[in-house]
Amino acid sequence: MSKEKTMAGLPLRPGDTGPMVTQMQNALIGKGFSVGSAGANGTFNNDTLNALESFQDDNALLVQPLWDQQCWTALGLPGP
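Residues numbered from 1 in each chain as written. Predicted model: local features only at pLDDT ≥ 70, side-chain atom pairs only at ≥ 80, totals over all residues. Heavy atoms only, no water.

## What to know about the environment of Asp68
Filter applied, for reference: Counting from the N terminus, the helices are the DSSP runs of H or I reaching at least four residues and the strands are the DSSP runs of E reaching at least two. Here a residue-residue contact requires only that any non-hydrogen atoms of the pair lie within 4.5 Å.
With respect to the helices and strands, Asp68 occurs in the loop between α2 (46–58) and α3 (69–74). Residues Asp68 and Gly9, spaced 59 residues apart in sequence, show a C-alpha to C-alpha distance of 9.3 Å. Those residues in contact with Asp68 that lie beyond four places of it in its chain are Leu10 and Pro11.

## As for the side chain of Gln56
Rule in force here: Burial status follows relative accessibility: with a 1.4 Å probe on protein chains alone, a residue under 20% of its type maximum counts as buried, one over 50% as exposed, and anything between as partly exposed.
Relative to the assigned elements, Gln56 resides in helix α2. The exposure class of Gln56 is buried, given its relative accessible area of 0%. Setting aside anything within four residues of it in sequence, one finds Gln56 in contact with Leu61, Leu62, Val63, Gln64, Leu66 and Cys71.

## Quick word on α2
Threshold: One less than the number of residues in a helix, times 1.5 Å, gives the span that helix is expected to have. The arc under discussion is defined with respect to the helix axis, by the directions toward the C-beta atoms.
Taking 1.5 Å as the rise per residue, α2 with 13 residues should run 18 Å; its terminal C-alpha atoms sit 18 Å apart, in good agreement. Thr48, Leu49, Ala51, Leu52, Phe55 and Gln56 are the residues of α2 that are buried. For α2, the arc enclosing every buried residue in end-on projection is 165°, short of the 170-degree limit, so these residues lie on one face. Along α2, the residues that are exposed and aim more than 90 degrees away from the buried face are Asn46, Asp57 and Asp58.

## Here we look at the packing of helix α1 (residues 19–30) against α2
For the record, the criterion: The angle between two axes is taken between their N-to-C directions and runs from 0 to 180 degrees, where each axis is a line fitted to C-alpha atoms and a helix contributes only its stretch in contact. Comment on the angle field: the value is read as roughly parallel under 35 degrees, roughly antiparallel over 145, roughly perpendicular from 65 to 115, and oblique elsewhere. Note on convention: the crossing is left-handed when the near helix lies turned anticlockwise from the far helix by less than a right angle, right-handed when the turn is clockwise.
Their axes nearest at 11 Å, the elements α1 and α2 cross at an angle of 55°. The orientation of α1 relative to α2 falls into the category oblique. Crossing handedness for the pair α1 and α2: left-handed. Packed against α1, whose contacting residues are Met24, Gln25 and Leu28, the element α2 presents Thr48, Ala51, Leu52 and Phe55 at the interface.

## Examining unusual backbone geometry
The amide bond that connects Leu10 to the next residue, Pro11, takes the cis arrangement and shows omega of 5°. For Pro11, the location among the structural elements is in the segment before α1. One non-glycine residue, Ala60, adopts positive backbone phi at about 55°. Within the secondary structure, Ala60 is located in the loop between α2 and α3. Among the residues examined, Ala60 registers a relative accessible area of 76% and is labelled exposed.

## A few points about the packing of aromatic side chains
Spelled out, the test is: For Phe, Tyr and Trp, rings pair up if their centres lie within 6.5 Å, where Trp contributes its six-membered ring, and each pair is then called stacked (planes under 30 degrees apart), edge-to-face (over 60) or tilted (otherwise).
Considering all chains together, one arrives at three aromatic pairs under this definition. Aromatic pair Trp67 and Trp72: ring centres 6.5 Å apart, planes at 70°, arrangement edge-to-face. Each member of the pair, Trp67 together with Trp72, is buried. Aromatic rings pair up to connect Phe33, Phe55, Trp67 and Trp72 into one cluster.

See below:
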């Protein structure tokens, strides 16, 4: 069993909504990844997925359709 502390609410997946999605979107925007014309609207849509996958690829992370603890940490977001 992993000793890494996990965050409640992760992983986030396409279709998820809420303040954690907004925080993820704002962090992606802050790193130069567009989440689409709607901006940080709290909805994990296709534009957000494209930004996430570009971020993952650019940062040597596993490219997958979910936002997990590893992605959270790679963006430099504070832990729980």
